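Observations on chain architecture
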Amino acid sequence: MDNFIFSLSVVAPLFFLMAGGYFTRQIKFVSDNFLSEMNKFVFKLLLPLMLFFNIQSSFGAQFDNSKLLLGAALAILLIVLLSICFVPLFVRKRSQQGSIIQAIYRSNFLIYGIPLASGLYGSEAVAYISLMMAFMIPIFNILAVIILSIYSESNTRGVNIKSISTDIIKNPLIIGCFGGMAAAIFHIDIPNFAAAPLSEFANMGGPLALFVMGGQFRFKSLQNNIVKVASTSLLRLIIVPVVCLCIFIQLGYRDAELAVFLCLFATPTAVSSYIMAENMGCDGELAGQIVVMTTICSSVTIFAFIFFLRMFGYLN
């Protein structure tokens, strides 16, 4: 019961933020134009700042388990490659293919990782998670830029290395990631008079992204996408984590290390996947619906994973 309450306490605030956005638009307290402009504000400023400060604070820590990082990176790359191979067989529209591929591999590791890890194993798991974030979040975002650029509605020329490279360099989230790395590596300290307000902006990124996504959610359009949303949610929340966790259990990972993989693979689709799809010419509406569905369902699936992993002795 404690595990269920813990999982619910992580998911419920996110759900209520999305519900707040949806109902404020329903009562016309905010307009569609306001939400559209706020979407760009979150993507171009708030989320990059959030990534900058998170990575800056974690990148300089000591870490002696490179196998953990390598295993995570290889698993993500394999998921992406398999998705690229199979998603186009079932989804015809290119912009939807990009949104679905991104949703399958890209978990909400940034928002869920530390709360879940801390609740399971305290500071030991948080140390692993923090360093994992510094490596995996740039990988997540670089892969997302490549995928969304290739499958964008505005891309009529196929794979264009120069165009994709430009998108990677100019992407605000990637700038935030590498800016945080540079600040940590070269020990660049932002003066407190600037760091304090900027960190306040950074803290607004996650909540505002959820609010905007809820405001732009349309139940009517969900009817047209219900099969795609349901099947992608099944892959994101059950099939991907079951396969990955079984593999890492067979490789001998247990306890805090296994909890890191649980946070990486079993959490819902990242909120920023919706923001990026909306801003890069893919199906932002479908991406948002997947984020909402996986976020709602994840309280049940995360509880189930924690319960069964503990029952079989893999998380002690």
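Residues numbered from 1 in each chain as written. Predicted model: local features only at pLDDT ≥ 70, side-chain atom pairs only at ≥ 80, totals over all residues. Heavy atoms only, no water.

**Considering the nonpolar core**
Tyr105, Leu262 and Phe265 are the most contacted members of the largest nonpolar core, which has 101 residues in total. Per element, the largest residue contribution to this core is 16 residues, and it comes from helix H6 (residues 123-151). Setting aside chain neighbours within four positions, we find Phe265 in contact with Ala72, Ala75, Ile76, Ile79, Arg236, Val240, Pro241, Cys244 and Phe248. (Core = buried A, V, L, I, M, F, W, Y, C linked by side-chain atoms within 4.5 Å. Buried < 20%, exposed > 50% of the residue type's maximum accessible area, 1.4 Å probe, protein only. Helix = DSSP H or I, 4+ residues; strand = E, 2+ residues; numbered from the N terminus. Contact = heavy atoms within 4.5 Å.)

**Concerning the packing of aromatic side chains**
In this structure the tally under the stated criterion is 10 aromatic pairs. Judged by centre distance (5.7 Å) and plane angle (65°), the ring pair of Tyr105 and Phe140 falls under edge-to-face. Taken together, the positions of Tyr105 in helix H4 (residues 94-105) and Phe140 in helix H6 put the pair 35 residues apart, joining distant regions of the chain. A relative accessible area of 0% places Tyr105 in the buried class. Judged by its relative accessible area of 4%, Phe140 is buried. Members of the aromatic cluster, connected to one another through ring pairs, are Phe248, Tyr253, Phe261 and Phe265. (Phe/Tyr/Trp six-rings, centres within 6.5 Å; stacked < 30°, edge-to-face > 60°.)

**Here we look at the side chain of Arg236**
Assignment of secondary structure puts Arg236 in helix H10 (residues 219-250). Lacking a salt bridge, the buried Arg236 has Asp283 as its closest oppositely charged neighbour, with an N-O distance of 18 Å. A distance of 2.6 Å separates a polar atom in the side chain of Arg236 from the backbone oxygen of Ile104. Among the polar contacts listed, one links the side chain of Arg236 to the backbone oxygen of Phe265, at a separation of 2.2 Å. (Lys, Arg positive; Asp, Glu negative; His and termini not counted. Salt bridge = Lys/Arg side-chain N within 4 Å of Asp/Glu carboxyl O. Polar contact = N/O pair within 3.5 Å; in protein donor to acceptor, adjacent residues only side chain to side chain.)

**Section: helix H11 (residues 255-265)**
Among the 11 residues in H11, 9 count as buried, and that is most of the element. Of all the positions in H11, only Ala256, Leu258, Ala259, Val260, Phe261, Leu262, Cys263, Leu264 and Phe265 are classed as buried.

**Some thoughts on H10**
Taken as a whole, H10 carries its principal kink of about 75° at Asn225. Backbone geometry just after H10 places Gly252 at a positive phi near 100°. (Bend = angle between axes of the 7 residues up to and from the residue.)

**With respect to the confidence of the model for the protein chain**
With 92% of its residues at a pLDDT of at least 70, the protein chain reaches an overall mean of 86. The secondary structure element of the protein chain with the lowest average pLDDT is helix H5 (residues 109-121), at 75, and the one with the highest is H4, at 95. (pLDDT = per-residue confidence, 0-100.)

**Regarding a nonpolar patch on the surface**
Taken together, the side chains of Leu234, Ile238, Ile239, Val242, Val243, Ile247 and Leu251 present a nonpolar region at the surface, about 580 Å² in accessible area. Summarising the element assignment, Ile238 is placed in helix H10. Take Ile238: its relative accessible area is 38%, and that puts it in the partly exposed class. (Patch = residues over 30% accessible without salt bridge, like charges linked within 9 Å, V, L, I, M, F, W, Y side chains within 5 Å. Areas by Shrake-Rupley, 256 points an atom, 1.4 Å probe, with all protein chains shown as cover.)

**Focus on the environment of Val212**
Mapped onto the fold, Val212 is located in helix H9 (residues 192-215). Once residues lying within four places of it in the same chain are set aside, the contact partners of Val212 are Leu35, Met38, Asn39 and Tyr274.

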